[in-house]
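Descriptive structure summary
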Amino acid sequence: METSNKKAMFFGKVTASVTHEIQNVLAIIKETSGLMEDFILMHKTNQVPDFDSKLDKCLETLKKQAYRGVSLTSNLNGFAHTPDNIQSAIDICETTKKLISITDRLFKQKNVSVEVCECTASCSITTDPVIFQMILFSCIECMIDTFQIQQLMVNIHPKENTIGICFSIGDENFQYPDFKEKIMQSSHWSKITDLCEQINFTAGMTPGSPKIFILVG
Amino acid sequence: MSNQNIKILLIDDELEFISTLSERLELRGYTSKIAQDGETGITMIENETFDVAIIDLMMPGLNGLDTLRHIKNTNNALPVILLTGHGSTKDGMEGMRIGAFDFLMKPLDINELLKKIKLAVDQTPKG
């Protein structure tokens, strides 16, 4: 499959997930405003017990969902602009966090929470931003689809001339003797190595521990 | 059947959505209960009698279609209305093929939902 098709499929998958979540936000806003309407109509004919506190609770929900919606659409907008330039300077930590925030629902469907550990230093690189995000997404999918895990940690380590992005299983007691073989057999792994080749990144596995990593730069 | 006698189970991982919808249904005289995942919903159906189940298609763990399949295998008479946040009707149609009574798009129109609930209850043979 051509890279442009793969990019389109990746965009489709991510945007479908975010728009589904936006529909949920709108559904909550619609039901909550409907509930307020119900209370107001009832209050005109009968005294509704705790009327003010019921309306306050609804307003809190509306505010919370409005913030959630703004965060989703802002991150989606940022994501939609990533193909604007074939090459652009990106902050690896920020891009990783934003990608995970908009793809979170896809991983939660598989009962997995993905967490990005706090970055200790600024890590910037000039690269193809879409392929970079496709690599991140594929690494997460690779770990989740290959192993029955509940938590995945993403660590970003800047080192002299390179930056390492490490994907590890949250459970420290997790042991998988065939880890390397399982990863190598995964269809995601060949996709990851192909994508890395296109932007001169290196994909690898840490010997002795269930981690995969990407070396950038 | 009057609203007072209709017991509805709402299954969706969006707690604020189902709790608000549940409150609106209760204000209209229905009895409703909520479950935040398919597994919990199935257990509730096994232990209590409901007249209608309303299930979101996209949930973590057991998704809406898998939950529906399980319900149809164990309690075929219970009418199920599916909710979908997708723009297309594809998953809703698939749900109807499996045995859902109908499906609705999110965000919901409460009056549309009430009509579907009434139809579902009226058209289900009483055991």
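Right, let's walk through the structure included here.

What counts and how
- Residues numbered from 1 in each chain as written.
- Chains lettered and ligands numbered in written order.
- Predicted model: local features only at pLDDT ≥ 70, side-chain atom pairs only at ≥ 80, totals over all residues.
- Heavy atoms only, no water.
- Pairing = 2+ DSSP bridges.
- Helix = DSSP H or I, 4+ residues; strand = E, 2+ residues; numbered from the N terminus.
- Axes fitted to C-alpha atoms, helices over the stretch in contact; angles between N-to-C directions.
- Contact = heavy atoms within 4.5 Å.
- Buried < 20%, exposed > 50% of the residue type's maximum accessible area, 1.4 Å probe, protein only.
- Buried area = accessible area lost by both parts, 1.4 Å probe.
- Salt bridge = Lys/Arg side-chain N within 4 Å of Asp/Glu carboxyl O.
- Polar contact = N/O pair within 3.5 Å; in protein donor to acceptor, adjacent residues only side chain to side chain.
- Parallel < 35°, antiparallel > 145°, perpendicular 65-115°, else oblique.
- Nonpolar A, V, L, I, M, F, W, Y, C, P; charged D, E, K, R; others polar.

Attention now goes to the sheet that holds strand E5 (residues 162-169) of chain A. The pairing of strands in a sheet comes from backbone hydrogen bonds and takes either a parallel or an antiparallel form. Residues and elements named next belong to chain A. Pairing in this open sheet of five strands is mixed, and the strands run E2-E4-E5-E7-E6 from one edge to the other. Because the sheet does not close on itself, it has two edges, and the strands there are strand E2 (113-116) and strand E6 (202-205). When strand polarity is set aside, the average angle formed by the axes of neighbouring strands in this sheet is 20°. Where E5 and strand E7 (residues 211-216) come together, six bridges link them in antiparallel fashion. Bridge pairing in E7 places Ile-165 opposite Ile-214. Packing against the sheet, helix H4 (residues 129-146) makes contact with E2, strand E4 (151-159), E5 and E7, and its axis sits at approximately 25° to E5.

This part covers the side chain of Lys116(B). Within the secondary structure, Lys116(B) sits in helix H5 (residues 110-123). Ignoring any residue separated from it by four or fewer positions in sequence, one finds Lys116(B) in contact with Ile81(B), Phe101(B), Asp102(B), Phe103(B) and Leu104(B).

Glycine aside, residues mostly have negative phi, and peptide bonds are mostly found in the trans state. Backbone torsion omega between Lys106(B) and Pro107(B) reads -10°, so that peptide bond is classified as cis. By the element assignment, Pro107(B) lies in the loop between strand E5 (102-105) and H5. Its identity is not glycine, yet Asn111(A) carries a phi of approximately 60°, on the positive side. Turning to its location among the elements, Asn111(A) is positioned in the loop between helix H3 (92-108) and E2. Judged by relative accessible area, Asn111(A) falls into the partly exposed class, the value being 45%.

Next up on the list: the interface of chain B and chain A. Contacts between the two partners involve 22 residues from chain B, matched on the other side by 22 residues from chain A. Summed over both partners, the interface of chain B with chain A buries about 2100 Å², with 52% contributed by carbon and sulfur atoms. At the junction of chain B with chain A, the criterion picks out seven salt bridges. Glu31(A) is the salt-bridge partner of Arg24(B), the closest N and O atoms lying 3.1 Å from each other. The interface formed by chain B and chain A contains 14 residue pairs in polar contact (both at pLDDT 80 or more). The element contributing the most residues to the side of chain B that touches chain A is helix H1 (residues 15-27) of chain B, with seven residues.

Looking now at the packing of helix H1 (residues 3-45) of chain A against H3(A). Residue and element names in this part refer to chain A. Where H1 contacts H3, the axes come no closer than 8 Å and their chain directions differ by 75°. Relative to H3, H1 is oriented roughly perpendicular. Between H1 and H3, the residues in contact are Phe-10, Lys-13, Val-14, Ser-17, Val-18, His-20, Glu-21 and Asn-24 and Leu-99, Ile-102, Thr-103, Arg-105 and Leu-106, respectively. Looking at the contact of H1 with H3 residue by residue, the classes come out as six nonpolar, four polar and three charged.

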